[in-house]
Structure formats: structure tokens, C-alpha cells
Amino acid sequence: MALKDIVTIVDLSGSQPAAKYAIDLAANNDAHVTGLAVAFEPVVPAFAAAPMPVDYLQAAHEQAVGAARDAQKSFDELARVAAVKTESRVADVLTGGPLEGLLQHCRTTDLVVIGQENPDALEPMRELLIETVLFESGVPVLIVPYIGVAQSEAKNVVIGWDGSSTATRAIHAALPMLDKAEKITVLVVEKNVNEDSQPGAEIATYLARHDLDVTIDVITNPQTGIADTLLNYVSDNGNDLVVMGGYGHSRMREFLFGGATREILKAMTVPVLMAH
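Residues numbered from 1 in each chain as written. Predicted model: local features only at pLDDT ≥ 70, side-chain atom pairs only at ≥ 80, totals over all residues. Heavy atoms only, no water.

K.L.:
Please provide a residue-by-residue account of the confidence of the model for the protein, values included.
P.N.:
Interpretation of this model should avoid reading the predicted coordinates in detail wherever pLDDT is low. Per-residue confidence for the protein gives a mean pLDDT of 88, with 90% of residues at or over 70. Here strand 11 (residues 256-257) is the element of the protein with the lowest mean pLDDT, 44, and strand 1 (residues 5-9) is the one with the highest, 98. Across residues 249-257 the pLDDT falls below 50, and counting only partners more than four positions away or on other chains, this stretch makes 19 contacts in the model. (pLDDT = per-residue confidence, 0-100. Helix = DSSP H or I, 4+ residues; strand = E, 2+ residues; numbered from the N terminus. Contact = heavy atoms within 4.5 Å.)

Here is the structure:
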């Protein structure tokens with residue numbers, strides 16, 4: 001299926017790497033892109049000894065909405081210059097509260113594009129936003145490095161393949177991007193490989209039936225963990241997009257990412273397309 005509708009979470013400050021990527025992706029696929037700026041409403045601590053002053057809460061609210069409106073304007077200008085089909089919205093979110101309202105904007109799209117958390121310009125709830133959209137929207141998520149990306153058309157793609165349903169879902173979502181790639185590698189990382197087995201052969205055959213030229217690369221008994229193995233592979237081979245499944249556990253008070261997923265999202269230097 002073609003990529004025709006994209007939602008991007010707009011950064012509240014900075015150079016907007018995710019918005020730029022989403023807009024470029026929309027331009028290259030004749031798609032519509034929606035910029036979603038989040039206004040983080042102030043929350044009154046339950047343990048507060050006295051009621052918070054009304055004027056303080058009002059000022060905090062106005063500041064949050066103002067920051068979101070400024071981010072929305074930045075997105076609108078980027079989209080105007082790129083001449084893509086677009087709209088923008090502001091979503092109100094209670095800081096530390098539920099994100100169901102934001103998810104409603106994400107569930108009727110083909111792909112959500114969001115920026116990696118920037119350690120030098122932290123934003124409220126960024127990590128939780130990524131986790132929530134990935135695990136609860138039902139939509140694939142593409143995370144863009146905070147350092148930015150030169151262009152959205154990935155030419156050298158690596159697929160982290162383990163045979164899981166999440167990896168399968170990510171591949172299906174990535175097909176419009178894989179169709180434009182010049183090199184696609186299915187990377188299989190296994191501790192033990194049966195001599196008679198052909199790891200990755202079935203998914204490579206599936207992709208070949210979509211007229212994609214695919215190479216299989218198997219790393220056996222890696223000396224590092226899955227995350228480091230994949231990140232090192234990307235560094236050594238110049239990949240410009242990673243496609244993989246996203247893993248998490250059930251949550252009680254908060255989401256818990258699978259170790260490999262969390263490590264990759266913190267150390268990634270190229271876009272990562274994930275699905276759950």
C-alpha cells in the first residue's frame with residue numbers, strides 16, 4: 001500500500017528534524033502530512049500543601065499553548081516552502097497524564113514520525129510519547145535522530161529480522177520506502193544457527209516478490225548485545241534507515257521498553273522505523 005497520510009509530532013524548539021523528514025517524505029510520496037504540536041498543560045501536585053495560585057496556572061497554561069502555537073507556525077512554514085499537502089493541529093496534554101487524546105490524532109494515518117529525545121533540549125514526556133504511540137496507536141512509528149537527516153529517501157536500508165510479528169509489521173509498513181532503496185539487507189543476529197537452516201530466506205523471498213533486490217547477512221554468536229550489534233552494523237555499512245520490530249512489556253504505572261529497543265532509540269544515528 002502506498003504511503004499517503006503522515007502525522008508528525010512537531011518539536012517545541014530547535015531545527016525540527018522530524019518535521020523536515022516527514023515533509024520531505026510526503027513530498028517524495030505525494031502524501032498528506034499533518035503537523036501535531038503538543039501543549040503540555042500544567043498539573044497540580046496532589047501533595048501540594050496549598051492550592052496553586054490561579055494566576056500561576058493561567059500563566060503556565062498560556063506558556064504551554066504559546067510554545068505549541070510557535071511550533072505549529074514553524075511546521076506550517078516548512079510545509080509551505082515544500083509545497084506539500086498539509087494541515088497542522090495543536091493537541092492539549094496534561095503533563096504526566098493520559099495520552100488518549102493525542103493517540104486519536106495518530107490512529108488514522110499510515111505513519112507517525114517523531115524525533116528522538118534530544119539530551120540537550122529535553123521536552124516534557126518525549127520518551128513516553130514515543131512509547132505510547134508505538135505501543136497503543138496501532139500505527140508504525142518512524143523515529144528521526146535529533147541530529148537530523150539530510151534526506152528522507154533511504155538508499156541503503158537494513159532490516160533487523162527475527163521472524164517476529166512486530167518485525168513483519170514493520171516491513172509491511174516500510175514497503176513504500178523499500179521500493180525506493182538501492183540496497184536492502186536483511187540482518188539476522190543469532191547465537192546458534194543450524195547448518196541446514198537458511199535464516200531470513202523466507203522474508204527475503206517475500207521481498208523479492210515485490211521486485212526488491214535483497215541481501216541476507218547473518219551474524220552468529222555476536223560479541224555484544226543485539227542493540228550494539230545492530231548499531232555497529234549500521235555504522236560499518238553506512239545504512240541510512242533501520243526497519244525493525246519494537247518490543248515492550250505490559251505496563252502497570254508506566255511503559256517498559258525491551259532492552260534492545262530502548263538502547264537503539266537512545267544511541268541511534270539514522271532513522272528507525274518500528275512497529276509493535
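K.L.:
Please set out the pairing of strand 7 (residues 183-190) residue by residue, giving values where relevant.
P.N.:
The pairing of strand 6 (residues 156-160) with strand 7 spans 5 bridges and is parallel. Counted as the bridge partner of asparagine 156 is lysine 183 from strand 7. Handedness of the strand 6-helix 5 (residues 165-178)-strand 7 crossover: right-handed. One ladder, built from 7 bridges, connects strand 7 with strand 8 (residues 214-220); its direction is parallel. Bridge assignment links isoleucine 184 to a residue of strand 8, and that residue is valine 214. (Pairing = 2+ DSSP bridges. Right-handed = clockwise from strand over helix to strand, strands pointing away.)

K.L.:
I'd like a description of the packing of helix 1 (residues 17-29) against helix 2 (residues 54-82), backed by residues and values.
P.N.:
At a closest axis distance of 10 Å, the pairing of helix 1 and helix 2 adopts a crossing angle of 30°. Relative to helix 2, the element helix 1 is oriented roughly parallel. The handedness of the crossing between helix 1 and helix 2 is right-handed. Contact with helix 1, carried on its side by Ala19, Lys20 and Ile23, involves Phe75, Leu78, Ala79 and Ala82 of helix 2 and no other residues of that element. Residue classes in the contact of helix 1 with helix 2 are distributed as 6 nonpolar, no polar and 1 charged. (Axes fitted to C-alpha atoms, helices over the stretch in contact; angles between N-to-C directions. Parallel < 35°, antiparallel > 145°, perpendicular 65-115°, else oblique. Left-handed = near helix turned anticlockwise from the far one by under 90°. Nonpolar A, V, L, I, M, F, W, Y, C, P; charged D, E, K, R; others polar.)

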